[in-house]
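What follows is each chain in one-letter form.
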Amino acid sequence: MTVEHFPHEGLYLDGLSPTEFSRQYVTEDFEEPAGSVGESNHIRALRENQPLIVDNLNLMSILPHLNVNSLLTEAENQEMLLIGLTESEKIMRLVTIIGRKGEDGFHRFLAALEAAADHPTHKTIAEALERSLQNPPRPGTLGSSSPTLLQCFVSNLKGWYKNKHFYQGTSGPFIYDIKFIRLALLTKKGVSEAERSKDKFLRATLHGHVEDIVKKKKRLEMEGIFRYGKDPRKLVLVEGAPGVGKTMLAMKLCQLWAQGRALQEYDIVFFVELRQYQKETTLKLETLLETHLEGDQEMMKEVMQHLVRTGGDKVLLILEGWDELSPALRDPFSWFFELIKAKKLPNASIMVTSRPSVTAPLYDYMDERRIEVLGFDKNQQNEYIQKNIEDPAVPQRVRDHLKRFPNLRALAHIPLTLSIICSVAMKSTSLPITLTELYDKYVCTFLFHNLQKSSSDSLRSLIGLDSLDTIPKEVRQVFEGLCKLALSGFEKKAFIFERCDLEEHCLPCSGEKFDGFGLLTTRTQSATAGRKPLYQFRHLSIQEFLAGLQINSIGDMDRTRLLKEYRSDRQFQNIWKFLSGVSKLRDEAFCQQLVLPTRKGGRDQLFLLHCLYEAQNPDICHRAAGKMEHMLHLDNTTLNATDCLCAAYVMGKSEGKWQVNLRGCNIGGDGLEVFKWQLKIHDSQNLKIIRLDLTHNQLDASAMRHVAEMFLELKAKIINVEIASNKIGDEGARLLSKALKEDSSRVKQLHFRDCGFTSGAAKWFSEVLQSSKTLSALHFGFDKLGDRGAEYISAALCQNTVLEELGLYTAGLTGAGLSFLANALKTNRTLSVIRMDRNNFTAPDCHIIAEILLTDNSVERIDLSRNPIGDDGFSIILDALIKKPDALKKLGIFGCEITSREMHKFVEFFKKTTAFTGMNIGLNRLGDTGAGHIVQALRENKSESVKEIYMADTGLSDMGKQLVTEAGAMRKDLIVSCEVNEFLKIGKARIQEKLWSQ
């Protein structure tokens with residue numbers, strides 16, 4: 001096969017491959033052929049860097065410097081000024097002249113480049129030429145004695161990467177602009193919650209998606225991807241969300257290699273799209289090479305021999321789309337893993353791109369160089385919007401819309417999505433609020449744009465296409481064929497199609513021109529001629545949308561079959577969401593099958609919420625809410641702003657009394673703002689949030705502004721709020737208390753724990769206590785309120801007439817703070833439950849507890865667990881209870897360093913009491929003796945008021961445990977437990993939910 005068999009036209013500005021160039025120009029006055037062992041170093045350097053010189057040399061800038069050092073003759077200089085030649089032809093001729101001048105001429109050319117360094121690309125060219133001189137080819141490599149046929153292949157491969165058709169079908173913008181490719185290097189180190197909250201760069205890369213990567217990260221420039229370690233064999237794993245630009249990065253690297261601007265340490269760079277192997281279960285190297293060499297067995301043999309001989313030395317394999325491989329090929333024992341483990345081509349470098357959700361098996365081999373593609377930052381989003389929308393009034397409208405709808409804003413960092421939004425904004429005055437509406441308008445835009453190019457007068461005369469329902473009948477059959485192709489692709493796990501696939505669905509594909517109104521792309525993935533065309537949708541999300549349209553149009557039986565088979569298939573999740581949006585869930589049977597059956601929480605419930613939001617059907621929201629029993633169980637499910645949007649929408653549309661568990665969802669201030677905003681849009685007096693748990697959500701003081709606005713601005717009532725493990729600090733307390741004072745008739749319970757409070761927070765909430773007409777429970781835990789904080793709260797209790805529960809656990813209290821509380825209880829007649837566990841109370845402080853017990857007040861339950869009061873303190877409390885046996889209903893003294901010494905007093909107390917119902921006395925060294933006193937006390941409890949006693953981990957022998965078990969069997973309504981497991985499973989929950997609540 002000769003070089004002329006390869007399609008050079010359009011690949012190089014002069015129409016020649018590097019091999020032809022080296023033969024026709026550089027080597028025409030030299031005896032040694034290009035690439036031979038005797039080839040001069042300066043000739044080789046010129047040949048290797050020819051594309052770089054042609055693309056980047058500024059001829060008018062360098063000519064004066066070439067004349068100064070007399071490199072060019074007068075005739076040669078005049079040749080550079082000829083009007084009939086293009087700039088590239090003149091540069092090609094200049095390189096030929098330099099090659100003829102020998103090494104002296106070559107070095108004078110380098111000097112001229114340095115002298116003309118005012119043009120930035122000249123320095124790049126000079127550095128590349130010098131690098132080629134300093135790194136002569138080793139024997140057996142492509143630059144020395146490799147066969148000419150192999151050189152032809154590499155030349156054409158570079159030409160293919162430079163050709164615009166190589167990029168045909170890529171959907172991300174800025175494919176040619178390196179500055180918009182943002183990368184982060186992922187370290188092996190995990191990230192704690194504290195580190196995450198402090199790391200601004202990390203937080204900016206997290207969008208609440210399943211694909212988020214929570215690792216320590218640092219910025220990485222594109223040229224640094226392969227710059228690490230001393231081993232020439234590199235293994236690089238590139239991860240990122242769908243549409244964020246992984247393919248763009250891989251293709252850009254191929255282009256830069258072809259231009260001589262990057263990766264010049266590699267002789268061959270193979271770009272392999274793995275999605276075409278979805279159906280494969282086994283694979284071999286020849287199969288990968290067929291992408292570039294189909295139909296040329298002679299060249300295939302030469303390339304394979306070279307790879308086997310060198311073990312892949314100076315070869316880079318870019319494996320694009322690991323997540324789109326079949327599961328069999330992602331198996332750790334597959335051919336690909338043999339490649340990664342260096343069992344195949346042991347010297348070859350490998351770069352793998354993938355969504356993060358399936359890359360875990362690769363970490364054992366590629367964890368040293370993990371890179372994340374980040375997409376646009378906020379500044380780049382604004383720049384892209386500004387540059388790509390011509391109407392000056394539209395960009396601000398787009399920004400405002402993104403601010404209001406986080407489901408769109410959360411995806412704006414993805415180049416594909418932002419390009420869709422801008423495309424829709426330029427064609428439509430109404431912007432979408434759901435992803436279904438967004439893709440509907442996007443597809444309409446593509447269709448209308450392509451129909452304007454039609455040869456049909458009626459199609460060209462269309463004024464616009466506002467809905468897919470109004471597609472002209474002349475093209476409806478083709479569009480329906482595209483939808484069928486999209487669905488069949490998902491069923492067959494196929495995302496690249498051949499001509500026969502299109503013909504199966506009656507799609508016209510004569511030649512290679514069919515593009516499905518711009519929704520399909522055609523790619524000939526070969527550097528050689530004769531490769532048959534392959535088709536794929538512009539992006540996977542477009543195929544998902546069209547598949548949803550197709551399912552909506554088929555019969556009930558087929559739809560039922562698909563739901564039964566693919567309801568839980570991860571690759572169908574977005575299809576079901578699009579289907580919900582397209583159908584509005586109006587079909588009763590389909591609605592029953594897709595969104596109404598589940599009562600589960602977590603990801604299952606979140607999927608349901610997304611479907612309901614896409615459908616925008618209030619009636620279905622009402623019904624689904626009933627099925628969920630008006631409970632959102634999303635605890636420990638990472639939520640983004642879009643998830644919060646969907647949850648609030650469903651709540652607002654369905655009304656009713658909701659319990660909302662967002663514990664551990666990491667929604668942050670952005671998610672909370674969206675939640676508030678969406679509730680406000682659908683505000684109703686018929687909506688009540690009887691419990692809102694925001695525990696562990698990375699909320700700070702500024703986020704409390706959104707909670708405060710919910711209190712003030714919503715008609716809906718929020719009854720019980722839990723804000724624990726959020727570092728909102730005293731400033732957050734101030735914002736909340738201000739709102740609660742203005743609206744003193746709604747909130748009934750507030751629970752704070754580990755919020756970074758000091759006594760200042762207690763001061764703010766004491767003002768709430770003074771004015772509130774409804775607040776019945778106020779709990780602080782694991783915050784440093786101290787005795788000063790107890791003083792503020794106690795002063796407010798003297799005026800408060802509604803508070804029933806007060807928690808001051810692990811609050812840094814001593815006897816002084818306890819005294820303030822005791823004085824307040826002399827006048828307060830509503831407080832019945834007090835939690836003061838894990839403070840610093842000792843035996844003398846129990847005199848104050850005794851004072852509280854003997855005072856005429858409403859206190860019924862006290863928890864003193866984990867305070868080191870010892871036997872002396874316990875004795876003081878028991879003496880008070882004996883004097884006033886009905887002073888308490890429940891007592892918590894878990895882990896208070898108590899022994900059996902004073903346990904005999906229980907007998908007298910239990911004999912007298914008619915009100916005491918239970919206690920937790922576990923984690924004390926009672927032993928069998930103490931257990932015996934409790935059993936005797938239970939026998940003396942003639943009123944049978946005592947119902948629950950928990951004494952886990954109290955040093956009982958088997959005999960003591962048997963004694964306690966027999967005591968528990970005395971009455972059916974009596975629970976006496978000494979087992980740790982039983983305490984953790986039953987006792988702890990009952991103490992928290994029953995012993996300390998009304």
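No experiment lies behind these values; they were computed from the predicted model shown.

Asks: Can you break down the overall build of the protein chain residue by residue, with the values?
Replies: Secondary structure assignment for the protein chain yields 43 helices and 23 strands. Residue pairs at least 24 apart in sequence account for 79% of intrachain contacts in the protein chain once pairs closer than 6 positions are excluded. For the protein chain, the accessible area works out to roughly 40900 Å², and carbon and sulfur atoms hold 49% of it.

Asks: Explain the sheet that holds strand β3 (residues 235-239) to me, using residue names and the numbers behind them.
Replies: With mixed pairing, the 7 strands of this open sheet are ordered in space as β2-β1-β7-β3-β6-β5-β4. Where the open sheet ends on each side, the last strands, each with one partner, are β2 (217-220) and β4 (268-273). When strand polarity is set aside, the average angle formed by the axes of neighbouring strands in this sheet is 25°. Where strand β1 (residues 183-186) meets strand β7 (residues 370-373), 4 bridges bridge the pair, whose relative direction is antiparallel. By the bridge assignment, L186 is partnered in β7 with R370.

Asks: So what's going on with the pattern of salt bridges? Which residues, and what values?
Replies: All chains considered together, the criterion is met by 35 salt bridges. For D973, the salt bridge identified is with R971, shortest N-O distance 3.2 Å. Among the residues examined, D973 registers a relative accessible area of 38% and is labelled partly exposed. According to the relative accessible area criterion, R971 is buried, its value standing at 11%. Through salt bridges with shared partners, a single ionic network connects D872, D879, R901, E902 and K905.

Asks: Account for the nonpolar core, with residues named and values stated.
Replies: In summary, soluble globular proteins display a tendency toward joint burial of nonpolar side chains. Among the nonpolar cores identified, the biggest contains 205 residues, and F479 and M951 are the most heavily contacted of them. In this view, F479 contacts V443, L447, L468, I471, F517, L519, L546 and L549; residues no more than four positions away in its chain are not counted. The next biggest cluster of nonpolar side chains, apart from the first, holds 70 residues, and it includes L150, V244, F271 and W335.

Calculation criteria
- Residues numbered from 1 in each chain as written.
- Predicted model: local features only at pLDDT ≥ 70, side-chain atom pairs only at ≥ 80, totals over all residues.
- Heavy atoms only, no water.
- Helix = DSSP H or I, 4+ residues; strand = E, 2+ residues; numbered from the N terminus.
- Contact = heavy atoms within 4.5 Å.
- Areas by Shrake-Rupley, 256 points an atom, 1.4 Å probe, with all protein chains shown as cover.
- Pairing = 2+ DSSP bridges.
- Axes fitted to C-alpha atoms, helices over the stretch in contact; angles between N-to-C directions.
- Salt bridge = Lys/Arg side-chain N within 4 Å of Asp/Glu carboxyl O.
- Buried < 20%, exposed > 50% of the residue type's maximum accessible area, 1.4 Å probe, protein only.
- Core = buried A, V, L, I, M, F, W, Y, C linked by side-chain atoms within 4.5 Å.

Everything listed is a geometric property; what it means functionally is a separate question.
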